[in-house]
Amino acid sequence: PIISVHQGENLDSILIQMKEGITVQGLILDPQGQPLPNAVISIYSYITNIYRNRWSSYFSETNFPVSAVSNAEGSFQIEQFPSTGDEVIVRHDNYAPTRYKIVPPVAVEGVETEPQIHTIQMSVGGSITGTVRNKRNQPMKSVEIQSQNFPENLYRYQTFTDENGEYRFEKLPAIPFQILKALQD
């Protein structure tokens, strides 16, 4: 509900009661199905609603807020997860980021529900490669290349061309990406 406060009103009598969050438990697995320690789990709405700069069309993947990190057995737990459900983004240095939707169980008054264990399997991901050449068809080295997923702009990556004008982005999630204009130093 929206609460309106008018000039001169006493705020002491206003009580805002937030809906209680739920506890989410999960297991992160590598592509072979083995438990994956040190995976970073972030709640999607926290990324898009709280931490994203309003005046920026993107943000770096490295500044995602951390909600949990998987332990040596690949397990994680998030307290106060939005009770309406949300998505998480799981990141690990060796794999592509993975999005996973968590739908809370339907609560029935007087009936205790078993905790759900959400199993999230990572993937190696895809890659984008290319070559930058000048008008004389010569390879251009040290050119900055940027890629971002479109239209969300949730993931942004940056690299530079090598001495042969070649570049490569690896461990990309299986979603559309666009290559942004090449900038030369």
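Here we summarise the structure given alongside this text. (Residues numbered from 1 in each chain as written. Predicted model: local features only at pLDDT ≥ 70, side-chain atom pairs only at ≥ 80, totals over all residues. Heavy atoms only, no water.)

1. Focus: the overall build of the protein chain
Then step 1. The number of helices and strands found in the protein chain is one helix and 12 strands.
Then step 2. When the helices and strands of the protein chain are listed from N to C terminus, the series reads β-β-α-β-β-β-β-β-β-β-β-β-β.
Then step 3. Looking at the 185 residues of the protein chain, the share that counts as buried comes to 35%.
Then step 4. Surface summary for the protein chain: the accessible area is close to 12400 Å², and the carbon and sulfur share equals 49%. (Helix = DSSP H or I, 4+ residues; strand = E, 2+ residues; numbered from the N terminus. Buried < 20%, exposed > 50% of the residue type's maximum accessible area, 1.4 Å probe, protein only. Areas by Shrake-Rupley, 256 points an atom, 1.4 Å probe, with all protein chains shown as cover.)

2. Regarding the side chain of His-92
Then step 1. Assignment of secondary structure puts His-92 in strand 5 (residues 86–92).
Then step 2. Looking at His-92, its side chain comes within polar contact range of the main-chain oxygen of Pro-37, at 3.3 Å.
Then step 3. Ignoring any residue separated from it by four or fewer positions in sequence, one finds His-92 in contact with Leu-36, Pro-37, Asn-38, Ala-39 and Met-122. (Polar contact = N/O pair within 3.5 Å; in protein donor to acceptor, adjacent residues only side chain to side chain. Contact = heavy atoms within 4.5 Å.)

3. So, a nonpolar patch on the surface
Then step 1. The grouping of Val-106, Val-108 and Val-111 at the surface amounts to a nonpolar patch, some 290 Å² of accessible area in total.
Then step 2. Mapped onto the secondary structure, Val-111 falls in the loop between strand 6 (95–102) and strand 7 (117–121).
Then step 3. Relative accessible area serves as the criterion here: at 52%, Val-111 is assigned to the exposed category. (Patch = residues over 30% accessible without salt bridge, like charges linked within 9 Å, V, L, I, M, F, W, Y side chains within 5 Å. Salt bridge = Lys/Arg side-chain N within 4 Å of Asp/Glu carboxyl O.)

4. Focus: the packing of aromatic side chains
Then step 1. Tallied over the entire structure, the rule returns two aromatic pairs.
Then step 2. When the centroid spacing of 6.0 Å and the interplanar angle of 45° are considered together, the rings of Tyr-157 and Phe-177 count as tilted. Highlighted residues: Tyr-157 in strand 10 (residues 156–160) and Phe-177 in strand 12 (residues 177–184), separated in sequence by 20 residues.
Then step 3. Overall, Tyr-157 belongs to the buried group, its relative accessible area being 16%.
Then step 4. The exposure class assigned to Phe-177 is buried, which follows from its relative accessible area of 18%. (Phe/Tyr/Trp six-rings, centres within 6.5 Å; stacked < 30°, edge-to-face > 60°.)

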